[in-house]
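Observations on the three-dimensional arrangement
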Amino acid sequence: MITLCQTCGTSYDGPTEPKRCPICEDERQYVPSTGQAWVAFDTLTATHTNKWQQLEPDLFGIKTVPGFAINQRAILLRTPQGNVLWDCIANLDSATHALVMALGGISAIALSHPHYYTTMQDWAAAFNAPVYLHASDREWVMRDSPALRFWEGDALEIAPTVTLLRLGGHFAGGTVLHWKRDRGVLLAGDILQVTPGKDAVSFMWSYPNMLPLPAATVSDITARLDGVRFSRLYGAFEGQNIPADAREIVMRSGQKYIACLNPGPVAKI
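This text gives an overview of the structure that appears in the document. These numbers come from a predicted model, not from an experiment. (Residues numbered from 1 in each chain as written. Predicted model: local features only at pLDDT ≥ 70, side-chain atom pairs only at ≥ 80, totals over all residues. Heavy atoms only, no water.)

**Concerning the packing of aromatic side chains**
Here is the rule: Aromatic contacts are taken between Phe, Tyr and Trp rings whose centres are within 6.5 Å, Trp giving its six-membered ring; a plane angle under 30 degrees counts as stacked, one over 60 as edge-to-face, and the others as tilted. Summary of the burial criterion: residues with accessible area below 20% of their type's maximum are buried, those above 50% are exposed, and those between are partly exposed, where the area comes from a 1.4 Å probe applied to protein chains only. Going along the chain from the N terminus, every DSSP run of H or I of four or more residues is numbered as a helix, and every run of E of two or more is numbered as a strand. Whether a charge lies above a ring is judged from NZ of Lys or CZ of Arg, which has to be within 6 Å of the ring centre and within 35 degrees of the ring normal.
Inspection of the entire model under this criterion finds five aromatic pairs. On the numbers, 6.2 Å between centres and 65 degrees between planes, the contact of Trp-52 with Phe-60 is edge-to-face. For Phe-60, a relative accessible area of 12% gives the class buried. A centroid spacing of 5.6 Å and a plane angle of 80 degrees characterise the contact between Phe-203 and Tyr-257, whose relative ring orientation is edge-to-face. On the criterion of sequence distance, the pair formed by Phe-203 in the loop between strand E16 (201-202) and strand E17 (204-206) and Tyr-257 in helix H6 (residues 246-261) is long-range, its members being 54 residues apart. With respect to class, Phe-203 is no different from Tyr-257; both count as buried. Here Arg-28 stacks its cationic end above the ring of Phe-171, 3.8 Å away from the centre of that ring.

Quick look at the structure:
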């Protein structure tokens, strides 16, 4: 029986509901004050549906309605060499399966970090696709699957125009996806968190518990992106889109973050 954590969407397999969710018990997530709660995968697919949005040609956002768990979106990226699913949502219903197949299926699945692993094992089985996870986050996998591919290092090309980049930060294996299209696209999950004004990003150890990253870690993140060309950025949640000058915005935001944490007066950026 596949059971989902209602708070984070992580899936578990067993004859009974789990006693605990290690993902939520970690300080980067949380256990609700009312306690952990669970829902069967079949119940979720019967009571929820997925909303689609075309973000730009060959790029589609997929979000569950009504909202479920962390409420992130997945992004389907179409390339001539096969489609890539970036991050996962827990709900994989029959309509979503049919729409994905109509768009060419999925050749690879890649995840930014453990909060969005959800039902990646079921997506992999449904589309016969490998799942790429950074090996640094192996301990957070709650269900095994023959589709899982743990990669190491700081970069992995999974298609001729698609490369995974390990930035770290939020998780040791925190990953973004770089798509070499036009002036470049970055799919950031919440390794880079787009702010409400869409003119900045932030960098956090724990978003719900508002715990910051050290300045040195943010400096390392921006250094890893220094030679990466991208003009557009898409974050973890609906509407978190930076349509232009994304690289400049990320670099400026990193400088601002570091200036705020370092001793002395805040520098003007």
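**Re the sheet that holds strand E4 (residues 49-56)**
Here is the rule we go by: In this description, strands pair whenever DSSP reports at least two bridges between them. To get an axis, fit a line to the C-alpha atoms, keeping to the stretch in contact for a helix; angles then go from 0 to 180 degrees between the N-to-C directions.
If you trace the seven strands from one edge of the open sheet to the other, you get E4-E5-E6-E7-E8-E9-E10, paired in mixed fashion. The open sheet has two edge strands, E4 and strand E10 (148-151), and neither has a second partner. Neighbour to neighbour, the strand axes of the sheet diverge by 25 degrees on average, direction disregarded. Sheet topology places strand E9 (residues 131-134) next to E10; four bridges connect them, and they run parallel. For Val-131, the partnering residue across the bridge sits in E10 and is Leu-148.

**With respect to the pattern of salt bridges**
The cut-off we apply is this: The term salt bridge refers to a side-chain nitrogen of Lys or Arg lying within 4 Å of a carboxyl oxygen of Asp or Glu.
Per the stated rule, a full pass over the model turns up 14 salt bridges. Across the pair Asp-58 and Arg-78 runs a salt bridge whose closest N-O atoms are separated by 3.8 Å. Of the two residues, Asp-58 is situated in the loop between E4 and strand E5 (59-65) and Arg-78 in the loop between strand E6 (74-77) and strand E7 (84-86); the sequence distance between them amounts to 20 residues. Relative accessible area serves as the criterion here: at 30%, Arg-78 is assigned to the partly exposed category. Asp-154 is the partner of Arg-224 in a salt bridge, and the nearest nitrogen-oxygen pair spans 2.9 Å. With Arg-224 in helix H5 (residues 215-224) and Asp-154 in the loop between E10 and strand E11 (155-159), this pair connects stretches of sequence that are 70 residues apart. Residue classification places Arg-224 among the partly exposed positions, given a relative accessible area of 25%. Through salt bridges that share partners, Glu-56, Asp-58, Arg-78, Arg-181, Asp-182 and Arg-232 make up one connected network.

**Some thoughts on the nonpolar core**
Filter applied, for reference: For our purposes a nonpolar core is just a set of buried Ala, Val, Leu, Ile, Met, Phe, Trp, Tyr and Cys residues, chained together by side-chain atoms within 4.5 Å. Contact definition: two residues touch when any of their heavy atoms are within 4.5 Å.
Among the nonpolar cores identified, the biggest contains 41 residues, and Leu-85, Ile-106, Ile-109, Leu-111, Met-120, Trp-123 and Val-131 are the most heavily contacted of them. Taken together, the elements giving at least two residues each to this core come down to strand E1 (2-5), helix H1 (22-25), strand E3 (38-40), helix H2 (41-47), E5, E6, helix H4 (120-127) and E9. Ranked by the residues each element gives to this core, the list is headed by H4, at four residues. Discounting chain neighbours no more than four positions away, the residues touching Val-131 are Ile-109, Leu-111, Met-120, Ala-124, Ala-147, Leu-148 and Arg-149. Of all hydrophobic cores here, the second largest spans 25 residues; its members include Val-194, Ala-215, Phe-230 and Leu-233.

**A look at the packing of H5 against H6**
Rule in force here: Angles below 35 degrees are treated as roughly parallel, those above 145 as roughly antiparallel, those between 65 and 115 as roughly perpendicular, and all remaining angles as oblique. Each crossing gets its hand from how the near helix is turned against the far one by less than a right angle, where anticlockwise is left-handed and clockwise is right-handed. For this scheme, ten residues count as nonpolar: Ala, Val, Leu, Ile, Met, Phe, Trp, Tyr, Cys and Pro. Four count as charged, namely Asp, Glu, Lys and Arg, and the remainder, Gly too, count as polar.
For the pair H5 and H6, the least separation of the axes is 9 Å and the interaxial angle reads 165 degrees. Here H6 runs roughly antiparallel to H5, going by the angle between their axes. Relative to H6, H5 is oriented so that their crossing is left-handed. From H5, Ala-215, Val-218, Ser-219 and Thr-222 reach across to H6, where they touch Val-250, Met-251, Gly-254, Tyr-257, Ile-258 and Leu-261. For the contact of H5 with H6, the residue count by class is seven nonpolar, three polar and no charged.

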